[in-house]
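Structural overview
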Amino acid sequence: MSDYVIRQGERVAVETIKPDAKPIRQRTDTFSKVPLGWAAAAAKATKTPRAMVWVLLQHLAWQNDRAAFPLSNAVLVKYGVSREVKRRALAALEAAGLIVVERRHGRAPVVTLIDA
């Protein structure tokens, strides 16, 4: 059955089109936005500075819009993470298969996040 409208004095047949229902998008992985200052304070309060390393890894991947990026000590020092803590955290994350680290002599290592 067609409906009609009047356009410029003439009767015109129109058909009502019903759009397909949008499929409900299932989020495969939930996430959390955390202010970096708050995360640094929480890492310090709970005596887990290595946790701040993985928070910063996620932030830098988002900021650089890619999975591989250099991780300098200067970035970590702003959030209370020492070179030694960075080294241990990267080694633990690499052993767990969550990241790949390309170590470069005298330069910041390039970290690549692996989708878990």
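On a predicted model such as this, the values are computed, not experimentally measured, just so you know. (Residues numbered from 1 in each chain as written. Predicted model: local features only at pLDDT ≥ 70, side-chain atom pairs only at ≥ 80, totals over all residues. Heavy atoms only, no water.)

1. Examining the nonpolar core
To keep it simple, the criterion reads: As used here, the term nonpolar core means buried Ala, Val, Leu, Ile, Met, Phe, Trp, Tyr and Cys residues forming a set that is joined through side-chain atoms within 4.5 Å. Burial classes follow relative accessibility: with a 1.4 Å probe on protein chains only, a residue under 20% of its type's maximum area counts as buried, one over 50% as exposed, and anything between as partly exposed. A run of H or I in DSSP becomes a helix once it reaches four residues, and a run of E becomes a strand once it reaches two; helices and strands are each numbered from the N terminus. Two residues qualify as a contact provided that any one of their heavy atoms is within 4.5 Å of a heavy atom in the partner residue.
Counting residues in each nonpolar core, the largest one holds 23 residues, and the members touching the most others are Met52, Leu57, Leu90, Ile99 and Val111. Mapped onto this core, the elements with two or more residues apiece are α1 (36-45), α2 (49-64), α4 (83-95), β4 (99-102) and β5 (110-113). With seven residues, the top contributor of residues to this core is α2. In this structure, Met52 is in contact with Leu36, Ala39, Ala40, Ala43, Tyr79 and Val81, ignoring residues within four places of it in sequence.

2. Details of the sheet that holds β4
Operational definition: Strands are labelled as partners when DSSP assigns at least two bridges between them. Between the N-to-C directions of two axes lies an angle of 0 to 180 degrees, each axis being a line fitted to C-alpha atoms and, for a helix, fitted only over the stretch in contact.
Across the sheet, which stays open at both edges, the three strands sit in the order β3-β5-β4 with antiparallel pairing between neighbours. Each of the sheet's edge strands pairs with one partner strand only, and the pair in question is β3 (68-70) and β4. On average, each strand axis in the sheet is tilted by 25 degrees relative to the strand beside it, whichever way the strands run. The strands that α4 touches are β4 and β5; relative to β4, the one it contacts most, it runs at about 125 degrees.

3. Focus on the packing of α1 against α2
Geometrically, a packed helix pair is captured by the angle between its two axes and the distance between the axes. To be explicit about the condition: Orientation categories follow fixed angle ranges, with anything under 35 degrees roughly parallel, anything over 145 roughly antiparallel, 65 to 115 roughly perpendicular, and all other angles oblique. Left-handed is the label given to a crossing in which the near helix is rotated counterclockwise from the far helix by less than a right angle, and right-handed is the label when the rotation is clockwise. When residue character is reported, Ala, Val, Leu, Ile, Met, Phe, Trp, Tyr, Cys and Pro are called nonpolar, Asp, Glu, Lys and Arg charged, and the others, Gly included, polar.
The interhelical angle for the contact between α1 and α2, taken along N-to-C directions, is 160 degrees, at an axis separation of 8 Å. For the element pair α1 / α2, the angle class is roughly antiparallel. In this structure, α1 meets α2 at a crossing whose hand is right-handed. Residues Leu36, Ala39, Ala40 and Ala43 of α1 form the contact with α2, whose participating residues are Pro49, Met52, Val55, Leu56 and His59. In the contact of α1 with α2, the residues fall into eight nonpolar, one polar and no charged.

4. Quick word on the environment of Lys18
Along the chain, Lys18 turns up in the loop between β2 (10-14) and α1. Residues Lys18 and Ser82, spaced 64 residues apart in sequence, show a C-alpha to C-alpha distance of 60 Å.

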